Amino acid sequence: MSSQPLIRPEVAGLPDYNAGLALDRFRSVYGIDAVAKLDSNESPLGPSPAAVQAIRDAAAGVGRYPDASDEALRQGIGQANGVDPDTVILGNGSEDLIGAIYRAVLRPGDRVVTICPSFGLHEFGARACGAVVDKVSFPPDWRFPADALIAALAQPARILIFSSPSNPAGPAVPQADFAQLLAAVPQGALVVFDEAYREYLSDDLAFDALAMLREAGHPWVSLRTLSKAYGLAGARVGYGICSDAELVRALRKTRNPFAINALAGAAALAALQDTGHLARVVALTTSERNRVAQGLRATGYEVAPSHGNFLFFRTPDRAADFAEALRRQGVLIKAWQEEPFLDWARVTIANRSENDAFLAAIPAVRSGAR
Ligand SMILES: *Cc1c(COP(=O)(O)O)cnc(C)c1O
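Conventions we followed
Residues numbered from 1 in each chain as written. Predicted model: local features only at pLDDT ≥ 70, side-chain atom pairs only at ≥ 80, totals over all residues. Heavy atoms only, no water. UniProt positions renumbered as here; feature names shortened; annotations may be inferred. Patch = residues over 30% accessible without salt bridge, like charges linked within 9 Å, V, L, I, M, F, W, Y side chains within 5 Å. Areas by Shrake-Rupley, 256 points an atom, 1.4 Å probe, with all protein chains shown as cover. Salt bridge = Lys/Arg side-chain N within 4 Å of Asp/Glu carboxyl O. Helix = DSSP H or I, 4+ residues; strand = E, 2+ residues; numbered from the N terminus. Buried < 20%, exposed > 50% of the residue type's maximum accessible area, 1.4 Å probe, protein only. Lys, Arg positive; Asp, Glu negative; His and termini not counted. Polar contact = N/O pair within 3.5 Å; in protein donor to acceptor, adjacent residues only side chain to side chain. Contact = heavy atoms within 4.5 Å. Phe/Tyr/Trp six-rings, centres within 6.5 Å; stacked < 30°, edge-to-face > 60°.

The protein goes by Histidinol-phosphate aminotransferase in an unreviewed UniProt entry, where it is assigned to Paracoccus chinensis. According to the UniProt record, the Cofactor (unreviewed entry) comment for the protein is "pyridoxal 5'-phosphate". Among the UniProt annotations of the protein, the heading Sequence similarities (unreviewed entry) holds the following wording: "Belongs to the class-II pyridoxal-phosphate-dependent aminotransferase family. Histidinol-phosphate aminotransferase subfamily."

Written out as structure tokens, the structure reads:
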């Protein structure tokens, strides 16, 4: 018996999703403890203690279904962002919302425009819906490819989606480029602006993206997550701020009804209120990011300019081999698996000792490779 003929060709043709290795999986596969887990852009400080306490407090209540309307959390998000809670949609991670958006909007044969290298799920879910994904590459100097995107948008497109700061590359879209890009979006197309790393943006690059999206007059979603700077990756909480309540209503039909479980919802609400914890994470990350970038450049590696909690750098040989050699020393990074970036890898910026473990492991990898 084979289930293979059952599977839609769009799904059968997709690669397996290249997720990071959970710590206990790493230990059982490699037989050693990880010394630095730098493959999933998690926060070195973990969640706010208030979020952990909120999970404890909510634990006894898990016999009941959570609030399907996500009322309290949507109110909190509305308040934190100065937006109407009725334009907020919650997801089981913002990944869940990317899929929900695609399922609500894409018809087979539709065109989705994005950048390259890019977050795999921006492409993945679109292809699963039978859409064609058109990827515009960053240029060698890593300037944001606004002109190439604008050229790509001259053809009919249903969705423009990209992250800024961009995972895995690191650059953020400058405000002037964002304005030009929005002006080039075809009538009726949806703009999905994935701001998973927005908390790490320096003041000189931050701008009011929501105001610009509103002004541009297209339907839009701004995606945010509690997984990165808020340190709640395991709780799975993401959200979208949408152009209008109608879009929220559609997304509620294509996501899971109880996407936010009771523990995750309680943790997220507490995490959003702990602005001191967030500030500590961002301060640690930005200073360590500069230090690790210097260390990589001193080794002779090319490093893309990053405004996220990670660095994208060119490896001396195939990134998959480089990452495997590091794993044998207990250091986990993410080898990129997207043409033409097979000799590039992404390393998460963690605390000082983990970052040092990463930098210290490189010379042994290089000599082993010769
Ligand atoms: C990590 C990430 C997300 C979302 O992660 P969730 O854990 O699903 O919220 C979304 N977009 C980008 C670009 C990311 O890097």
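Anyway, onward from the coordinates.
J.: What exactly am I supposed to notice about a nonpolar patch on the surface here?
T.: Taken together, the side chains of Leu6, Ile7 and Val11 present a nonpolar region at the surface, about 280 Å² in accessible area. Tracing the backbone shows Val11 in helix H1 (residues 9–12). According to the relative accessible area criterion, Val11 is partly exposed, its value standing at 34%.

J.: Explain the side chain of Lys334 here, please?
T.: With respect to the helices, strands and loops of the structure, Lys334 is situated in strand E11 (residues 334–335). Asp39 provides the closest opposite charge to the buried, unpaired Lys334, separated from it by 7.6 Å. Polar contacts involving the side chain of Lys334 include one to the main-chain carbonyl oxygen of Asn18, which spans 2.4 Å. Once residues within four sequence positions are removed from consideration, Lys334 is found in contact with Tyr17, Asn18, Ala19, Leu38, Asp39, Ala345 and Arg346.

J.: What is the right way to look at the packing of aromatic side chains in this model?
T.: Geometry of an aromatic ring pair is reported as the spacing of the ring centres plus the angle between the planes. One pass over the full model with this rule turns up 20 aromatic pairs. On the basis of an interplanar angle of 70° and a centroid distance of 5.5 Å, the ring pair of Phe162 and Phe193 is categorised as edge-to-face. Here Phe162, found in strand E5 (residues 159–163), pairs with Phe193, found in strand E6 (residues 190–194); they are 31 residues apart in sequence, far enough to count as distant. Of the two residues examined, Phe162 and Phe193, each falls in the buried class. When the ring of Phe312 is compared with that of Trp336, the centres are 5.8 Å apart and the planes differ by 85°; the resulting orientation is edge-to-face. Highlighted residues: Phe312 in strand E9 (residues 310–314) and Trp336 in the loop between E11 and strand E12 (344–348), separated in sequence by 24 residues. Overall, Phe312 belongs to the buried group, its relative accessible area being 0%. You can call Trp336 buried: its relative accessible area is 8%. By way of ring pairs, the aromatic residues Phe138, Trp142, Phe144, Phe162, Phe178, Phe193, Phe207, Phe312, Trp336, Phe341 and Trp344 are connected into one cluster.

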